[in-house]
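Topology and contacts: notes
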Amino acid sequence: MKAKKRVVTTGNRVAKRTPTVRRIRSAIVPARPRGATPAGGDGRSIVARDHEPDESAAVDLSVDLGRGLVLENPILVAAGTFGYGVEYDEVVEVERLGAVCTKGTTLKPRIGNRTPRVAETPGGLLNSIGLQNPGIDAVIDRYAPIWRGWRVPVIVNVAGESVGDYVEVVRRLDGVAGVAGIELNISCPNVGRGGVQFAVDPDAAGAVTAAVRRATELPLLVKLSPNVADVRPIARAVADAGADALTAINTLSGLAVAPDRDRPLLGNVYGGLSGPAIRPIALRVVFEVAQVVEIPVIAVGGVTELSDVLDYLAAGAVAVEVGTAIFADPTLPVRLVDELADECRRRGLGGCASLVGTALPKRPLPSSVKGVEYRP
Amino acid sequence: MSMRLASAELVDSREILPREWLQAFHAPHVALGSRAGQFVHVRGGDLSGLVLRRPFSINTADRASGTITLHFRVQGRATDWFTHLRPGDRIDLLGPLGRPFEVDARSRHLLLVAGGSAGIAGLRMLADEAVRDGRQVTLLLGAESARHVYPSNLLPDEVEYVVATEDGSLGRRGTVADLVPDYEAWADQAFAAGPAPMLATLARLAATRRHRLGVAKLGRKRGHGRADPIGSPAARRKAFLQVALRQRMGCAVGACLGCVVMGAAGTPLRTCREGPVFAAEEIDWEAGW
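Side note on the overall build of chain A
Scanning chain A from N- to C-terminus turns up 13 helices and 14 strands. Across the 376 residues in chain A, those meeting the buried criterion constitute 52%. A separation threshold of at least 6 residues defines the contact pool for chain A, and within that pool the share at least 24 residues apart is 73%.

Put into structure tokens, the structure is as follows:
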């Protein structure tokens, strides 16, 4: 087709609303309003900024997740949305992320669930991939050599059907160069056995965590499920069993109906809901969990902009994983790193530690589960 | 050329058929770097509630002007949003993505089999490339009725265009698969896009073609060497039938595994990375995925 004369109009709403190129560029070369720092702010960072072209170096965003796993910044990418870190490398500066959580990986290869596997829902995404993955040995062979050369820590998300499976996978990962930590997926809703059954029972969650803890010296994160009445006993059990940090939350179980309304849409019937639709639930779980455990909590659920990150930090999370939003906006996580640094600078902070837990109550609040408190 | 994330400006937009739109965007990177069969993953406006991009076949690409066209049917809120774009408006575009059609250098006669407008969109650029390379192209289209038949003036003059409609209001009454037997022997290679059941029917026809027609397999003379790995460009180039699949997509870069289709070898293949073009024999058509 022959190109028509290009007409640039300034008064249209789309041009105003989607300045994508500008946003992407600004992520690489930050051009921020200056002088926003209050007069009594951090003078040191102002000086540093004048002499330091890399503005993000002026603020220390690093986060210690324990057992030697220190992230350069608190923005991670969530398991299942970023593959093994290599798929997006042509459009995302992967090494600027706080960490990469890999696709859930099992002992043996899994072909996953029948299709359709994804459905868009209001403010969310329903998926039932079913832990398709090439198995732990193939993952170590294919990707660990690549991860070894990266500055960004790679946290392998591990799933299994039995305690023995988890232990075996973790044992194989122990000592592999390029693997910085384990995120234990005890909460995948899309597989028949294992998965979520560990995450709904404090004893089972504690047992699998303890078994894995004995099998490895790697930093150990455990990902909690929101598909429970009260998440606090489970969080406590996992922390007591030796987890270094908690990730909250995995997806919520949901359903979509096929366009013809003759059956459920997804091949696996049920799917896990993610995206902005679940953000208030994830915030509530982070808030509850942060009050009952001493270990760091990493929030995940529907992050699409900086204010979501700040909300999660205020609710008690020390770091945040970005997931579903990557599909629409792959450069979002890296941009959030810059925006968070800018926000700290704007508030005159040397880092984001003081933003953590500001919304937490002085003394623990009762759970959101009303049944207990409302009993006569 | 590698995928890139960039914004693209709308330069032309029109409704060519009822609820079917043809839009041209200035996207030099995609226009220069794409081949027929590839797609772009497009982010529309900030429609509250929509969290995914939409995959579109690259309908045509004009390197000289740096424009590409997308051809789509309005199916929901996102596609409807696109119809309200005006020249100068911008969209966010990730691409080019996926693997292209592979045409054997010796193929003189190409049969393009399109099921509906989605089928046309998947094959339109291949028609351009084939005509440019001096090949003879026959395009078979199946549509609901005469109202839905893609206008012939939007095709290169060199393309022979044959239509079947379900109600018989134009061309032969029936499906596009009913047209195929007349051209099967003529064609050196066939390329299809459209609904999955139609592609499965064509795959069954192609699987028995050698037996029925007694024709030689492409690349037979190289026979003694090692077979090309399944799914490689070389293996696809030798396939009689290549299909462009459509599947619900999440990331479109191979990370989320949402868009898989079951492969003949029993492992799922990603429509976005290993596809969207596959040789027909790479797919397990009976798996029902």
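Anyway, onward from the coordinates.
Quick look at the interface of chain B and chain A
Counting from both sides, the interface comprises 47 residues of chain B and, opposite them, 46 residues of chain A. At the level of elements, strand 1 (4-17), strand 2 (20-26), strand 5 (60-62), strand 6 (67-73), strand 7 (90-97) and strand 14 (260-262) of chain B are the ones that each hand at least two residues to the side of chain B that touches chain A. Considering every element that reaches the side of chain B that touches chain A, the biggest residue donor is strand 1 of chain B, with 7 residues. Per-class residue counts for the side of chain B that touches chain A are 20 nonpolar, 15 polar and 12 charged.

A short note on helix 12 (residues 332-346) of chain A
The first and last C-alpha atoms of helix 12 of chain A sit 20 Å apart over 15 residues, in line with the 21 Å expected at 1.5 Å per residue. Among all positions of helix 12 of chain A, only L332(A), P333(A), V334(A), R335(A), L336(A), V337(A), D338(A), E339(A), L340(A), A341(A), C344(A) and R345(A) are buried.

Let's talk about the sheet that holds strand 11 (residues 252-255) of chain A
All names here are of chain A. Pairing is antiparallel across the open sheet formed by 4 strands, whose spatial order is 5-6-12-11. At either end of the open sheet lies a strand with only one pairing partner, and these are strand 5 (118-121) and strand 11. Recorded for the sheet is a direction-independent mean angle of 40 degrees between the axes of neighbouring strands.

Concerning the environment of E72(A)
All names here are of chain A. Looking at where E72 falls in the secondary structure, it is placed in the loop between strand 2 (70-71) and strand 3 (75-77). Here E72 falls in the partly exposed class, since 19 other C-beta atoms lie within 10 Å of it. Along the sequence, E72 and L97 sit 25 residues apart, while their C-alpha atoms lie 7.8 Å from each other. Beyond its immediate stretch of four places on either side in the chain, E72 contacts L61, S62 and G98.

Observations concerning the domain arrangement of chain B
All names here are of chain B. Under the domain assignment used here, chain B contains domain 1 (4-97) and domain 2 (109-219 + 226-245). Put simply, the middle of domain 1 and the middle of domain 2, counted by C-alpha atoms, are 24 Å apart. On the side of domain 2, 15 residues touch domain 1, which itself brings 14 residues to the contact. Elements supplying a minimum of two residues to the side of domain 1 that touches domain 2: strand 1, strand 5 and strand 6. Of the residues forming the side of domain 1 that touches domain 2, the biggest block, 3 residues, is contributed by strand 6. Class assignment of the residues belonging to the side of domain 1 that touches domain 2 gives a composition of 7 nonpolar, 5 polar and 2 charged.

What to know about the sheet that holds strand 4 (residues 54-57) of chain B
Residue and element names in this part refer to chain B. A sheet is described by the order of its strands in space; here 7 strands give the open sequence 4-3-7-1-2-6-5, paired in antiparallel fashion. Of all strands in the sheet, those with a lone pairing partner are strand 4 and strand 5, marking the two edges. Direction aside, the axes of adjacent strands within the sheet are offset by 35 degrees on average. In this sheet, strand 7 lies alongside strand 3 (residues 39-43) in antiparallel orientation, the contact comprising 4 bridges. Bridge pairing in strand 7 places R43 opposite D92.

Topic: unusual backbone geometry
Following A248(A), the chain continues into I249(A) via a peptide bond in cis, with omega recorded as 15 degrees. Mapped onto the fold, I249(A) is located in the loop between strand 10 (245-248) and strand 11. In this structure, P96(B) follows G95(B) across a cis peptide bond, with omega equal to -5 degrees. For V269(A), which is not glycine, the phi torsion reads 70 degrees and is therefore positive. Along the chain, V269(A) falls in the loop between strand 11 and strand 12 (270-274).

A short note on the confidence of the model for chain A
The predicted model of chain A averages 85 in pLDDT, with 80% of residues at 70 or higher. Segment residues 1-54 of chain A is flagged for pLDDT under 50; beyond a separation of four residues in sequence, or across chains, it makes 71 contacts in the model.

Considering the environment of P280(A)
Residues and elements named next belong to chain A. Of note, P280 is situated in helix 9 (residues 279-292). On the basis of neighbour count, P280 is assigned to the exposed category, with 12 C-beta atoms found within 10 Å. Once the C-alpha coordinates of P280 and T105 are considered, the two residues, 175 residues apart in sequence, prove to be 28 Å apart.

Here's the deal with the pairing of strand 3 of chain B
Residues and elements named next belong to chain B. With 5 of 5 residues buried, strand 3 is to be regarded as a mostly interior element. Covered by surrounding structure in strand 3 are F39, H41 and R43 together with V40 and V42, the residues of both alternating faces. Alignment of strand 3 against strand 4, held across 4 bridges, turns out to be antiparallel. Among the inter-strand pairings, F39 is bridged to a residue of strand 4, identified as S57.

Rules and cut-offs
- Residues numbered from 1 in each chain as written.
- Chains lettered and ligands numbered in written order.
- Predicted model: local features only at pLDDT ≥ 70, side-chain atom pairs only at ≥ 80, totals over all residues.
- Helix = DSSP H or I, 4+ residues; strand = E, 2+ residues; numbered from the N terminus.
- Buried ≥ 20, exposed ≤ 12 C-beta atoms within 10 Å, placed from the backbone.
- Contact = placed C-beta atoms within 7 Å.
- Nonpolar A, V, L, I, M, F, W, Y, C, P; charged D, E, K, R; others polar.
- Expected span 1.5 Å × (residues − 1).
- Pairing = 2+ DSSP bridges.
- Axes fitted to C-alpha atoms, helices over the stretch in contact; angles between N-to-C directions.
- Domains from an automatic or database assignment.
- pLDDT = per-residue confidence, 0-100.

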